[in-house]
Amino acid sequence: GLFRLGDQELGSTDEICAGSYCHTYPVHCLSTRLDWLPGTLADRAQAVASAWNGTVASGKGLCSIASPSVAGESGPRRLRGSHDLFA
């Protein structure tokens, strides 16, 4: 893969239900740094972007190195939508 789940929690889901059991889940940012790979192999997303003359954009959903929160926001957000896993 090109990304991993980061440590930064961006928010949480609304309740997701499986039968009568409902629970909310944390939503984490995506990181391009694959720490378990050695050296430059850990930067796959950047390598693919460079091969296509592009860049890995920063913004919503990607982990921020400089700040533990998303720019302009002061804490976790709730993501809208309720989903039934077995619908």
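Residues numbered from 1 in each chain as written. Predicted model: local features only at pLDDT ≥ 70, side-chain atom pairs only at ≥ 80, totals over all residues. Heavy atoms only, no water.

Caption draft 1: Spatial organisation of the environment of Ser12. One can find Ser12 in strand β1 (residues 4–12). On a C-alpha basis, the gap between Ser12 and Pro26 in space is 4.2 Å, while along the polypeptide they are 14 residues apart. (Helix = DSSP H or I, 4+ residues; strand = E, 2+ residues; numbered from the N terminus.)

Caption draft 2: Structural context of the state of the cysteines. As enumerated under the stated definition, the model contains 2 disulfides in all. A sulfur-sulfur distance of 2.0 Å marks the disulfide that ties Cys17 to Cys22. On the sign convention where negative means left-handed, the S-S torsion of about 105° between Cys17 and Cys22 marks this disulfide as right-handed. Taking relative accessible area as the criterion, Cys17 reaches 15% and is therefore assigned buried. When its relative accessible area of 29% is taken as the criterion, Cys22 is described as partly exposed. Bridging Cys29 to Cys63, the disulfide has an S-S length of 1.9 Å. One disulfide, between Cys29 and Cys63, carries an S-S torsion of 85° and so falls in the right-handed class. Of this pair, Cys29 sits in strand β4 (residues 26–31) while Cys63 sits in the loop between α1 (44–51) and β5 (77–78); the two residues are 34 residues apart in sequence, bridging distant segments of the chain. On the accessibility criterion, Cys29 (0% relative accessible area) is buried. (Disulfide = S-S within 2.5 Å. Buried < 20%, exposed > 50% of the residue type's maximum accessible area, 1.4 Å probe, protein only.)

Caption draft 3: Structural context of the environment of Cys63. You can call Cys63 partly exposed: its relative accessible area is 27%. In this structure the C-alpha to C-alpha distance between Cys63 and Cys29, which are 34 residues apart in sequence, comes to 5.0 Å. Discounting chain neighbours no more than four positions away, the residues touching Cys63 are Gly6, Gln8, Cys29, Leu30 and Ser31. (Contact = heavy atoms within 4.5 Å.)

Caption draft 4: Broad picture of a nonpolar patch on the surface. Residues Leu2, Phe3, Leu5, Leu30, Val48 and Trp52 make up a contiguous nonpolar surface patch of roughly 620 Å² in combined accessible area. Checked against the element boundaries, Leu30 lands in strand β4. (Patch = residues over 30% accessible without salt bridge, like charges linked within 9 Å, V, L, I, M, F, W, Y side chains within 5 Å. Areas by Shrake-Rupley, 256 points an atom, 1.4 Å probe, with all protein chains shown as cover. Salt bridge = Lys/Arg side-chain N within 4 Å of Asp/Glu carboxyl O.)

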